[in-house]
Amino acid sequence: MDTFPLTPDFEISKEYVDPAIGVTFENGVEQIRPRWSRPKLLFRISFSGMSKTEKLTLESFYILHRYTPFIFRYEDFNYIVRFNKPIEIKQTAPELFNATAELIEFWGVSL
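Residues numbered from 1 in each chain as written. Predicted model: local features only at pLDDT ≥ 70, side-chain atom pairs only at ≥ 80, totals over all residues. Heavy atoms only, no water.

1. Side note on helix α1 (residues 52–65)
(1) Moving on: Taking 1.5 Å as the rise per residue, α1 with 14 residues should run 20 Å; its terminal C-alpha atoms sit 20 Å apart, in good agreement.
(2) Moving on: Restricting attention to buried positions, one finds in α1 the residues Lys-55, Leu-58, Phe-61, Tyr-62 and His-65. End-on view of α1: buried residues confined to an arc of 135°, all on one side of the axis. Projecting away from the buried face of α1 at angles above 90 degrees are the exposed residues Thr-53, Ile-63 and Leu-64.
(3) Moving on: Packing partners of the buried residues in α1 comprise β4 (40–50), β5 (70–74), β6 (77–93) and β7 (96–105). (Helix = DSSP H or I, 4+ residues; strand = E, 2+ residues; numbered from the N terminus. Expected span 1.5 Å × (residues − 1). Buried < 20%, exposed > 50% of the residue type's maximum accessible area, 1.4 Å probe, protein only. Arc of directions from axis to C-beta. Contact = heavy atoms within 4.5 Å.)

And the structure:
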């Protein structure tokens with residue numbers, strides 16, 4: 001399994017995704033349960049001041065892995081993730097770029 005290619009010198013936010021399923025019965029009683037056995041992790045990654053080479057690395061990795069899981073290393077732990085939505089890239093200067101990516105934990109595959 002491939003590993004996310006860029007080093008962690010960028011901004012990362014980590015969020016727990018924990019949806020619930022709820023039903024309200026005719027008598028007004030509400031029943032709620034978690035959709036999954038545990039929350040999934042969602043990582044939002046922001047890159048600023050990327051070189052053209054780094055931008056091309058990110059773009060080619062996204063094209064190869066947009067629907068397949070890969071390894072993302074964060075806080076000394078390897079997470080199996082996939083892209084949650086397409087990456088966004090902005091050119092800020094002739095040779096500088098900013099980018100954002102959203103990764104979500106992927107279950108069903110082990111390292």
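This is not the end of the story, as more comes after the structure.
2. Regarding the nonpolar core
(1) Moving on: In this structure, Phe-4, Phe-43, Phe-47, Leu-58, Phe-72, Phe-83 and Leu-103 are the most contacted members of the largest nonpolar core, which totals 23 residues.
(2) Moving on: Among the elements that make up this core, the one with the highest residue count is β4 (five residues).
(3) Moving on: Excluding residues within four positions of it along the chain, Phe-72 makes contact with Phe-4, Ile-12, Phe-43, Ile-45, Phe-77, Asn-78, Tyr-79, Val-81 and Leu-103. (Core = buried A, V, L, I, M, F, W, Y, C linked by side-chain atoms within 4.5 Å.)

3. Examining the pairing of β4
(1) Moving on: When strand β1 (residues 11–17) meets β4, the two strands line up antiparallel, connected through seven bridges. For Val-17, the partnering residue across the bridge sits in β4 and is Lys-40.
(2) Moving on: Note: β4 against β7, seven bridges, orientation antiparallel. From the neighbouring strand, Met-50 faces β7, where its bridge partner is Phe-97. (Pairing = 2+ DSSP bridges.)

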